[in-house]
Amino acid sequence: MKATGIVRRIDELGRVVIPKEIRRTLRIREGDPLEIFVDREGGVILKKYSPIGELGEYAREFAEALHQSVGHIAAICDKDVVIAVSGAGKKELQDRPIHEEIERIMQNRIKVCANTSAGEALLPITTDGSEESYTAQIIIPIFSSGDPIGAVMLLSKEQGIKFDHTEIKVCETAAGFMGKQMEN
């Protein structure tokens, strides 16, 4: 554990305030669920809870199946990071924080299909700018009990690729299935 040098007192109801700087750095917003852990030395650890993260192995297998069926990079993210990738973009996407544009898409329930071959601009995927090599993208939010919890993405680096209705339907099906798995 890394010490922050910040000390907070617990109030009479057992609450403690997480400092604004830490909430901003860790992208913790009002209403976000946190998991509470206790270590062997008696320390308390708070970790941002990711419902899709609970399905980590399942998400990896699903991304692999998507990649094998359509032949393009398949990625699944929660509301903070890319949790599963299959295909050529694994090193540049896996476990990377998602860009705020992807968060906005999820919150606003927007489906995105963009192709550079059609002159359309692609949205940034991660915060590190690695998406500049992509030529096409589909981003479909995943909903569980009506709330956005992540997204299914299909990406390509091949010149001249144009995603269309078929790839959109594949991603919508994947997102719907992932959302249903979270409800069970």
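Before going into details, it helps to say that this report is about the structure given with it.

What counts and how
- Residues numbered from 1 in each chain as written.
- Predicted model: local features only at pLDDT ≥ 70, side-chain atom pairs only at ≥ 80, totals over all residues.
- Heavy atoms only, no water.
- Helix = DSSP H or I, 4+ residues; strand = E, 2+ residues; numbered from the N terminus.
- Buried < 20%, exposed > 50% of the residue type's maximum accessible area, 1.4 Å probe, protein only.
- Core = buried A, V, L, I, M, F, W, Y, C linked by side-chain atoms within 4.5 Å.
- Pairing = 2+ DSSP bridges.
- Salt bridge = Lys/Arg side-chain N within 4 Å of Asp/Glu carboxyl O.

1. Focus: unusual backbone geometry
Despite not being glycine, Asp95 has its phi angle at roughly 65°, a positive value. Locating Asp95 in the fold gives a position in the loop between helix 3 (90-93) and helix 4 (100-107). For Asp95, a relative accessible area of 55% translates into the label exposed. Even without being glycine, Ser145 reaches a positive phi, approximately 55°. Following the sequence through the fold, Ser145 ends up in the loop between strand 6 (136-144) and strand 7 (147-156). Judged by relative accessible area, Ser145 falls into the exposed class, the value being 59%.

2. As for the nonpolar core
If you look at the biggest cluster of nonpolar residues, it comprises 22 residues, and the most contacted ones within it are Ile76, Ile142 and Val152. Elements with a contribution of two residues or more to this core: helix 2 (56-70), strand 3 (73-77), strand 4 (82-86), strand 6, strand 7 and helix 5 (165-183). The leading source of residues in this core is helix 5, at 5 residues. Counting 18 residues, the second largest nonpolar core, distinct from the first, contains Ala75, Val82, Leu123 and Met153.

3. Quick notes on the pairing of strand 1 (residues 34-38)
One face of the sheet, then the other: side chains in a regular strand alternate in exactly this way. Summarising the sheet, strand 1 and strand 2 (residues 44-48) pair through 5 bridges and their orientation is antiparallel. Paired with Glu35 across the two strands is Lys47, which belongs to strand 2.

4. A short note on the pattern of salt bridges
Overall, the coordinates contain 7 salt bridges when judged by the stated rule. Notably, a salt bridge pairs Arg104 with Glu101, separated by 2.8 Å at the nearest N-O pair. Pair noted here: Arg104 and Glu101 are both in helix 4, with a separation of 3 residues, about one helical turn. We classify Glu101 as partly exposed; its relative accessible area is 24%. The partner of Lys111 in a salt bridge is Glu172, with the nearest N and O atoms 2.9 Å apart. Of this pair, Lys111 sits in the loop between helix 4 and strand 5 (112-115) while Glu172 sits in helix 5, and the two are 61 residues apart along the sequence.

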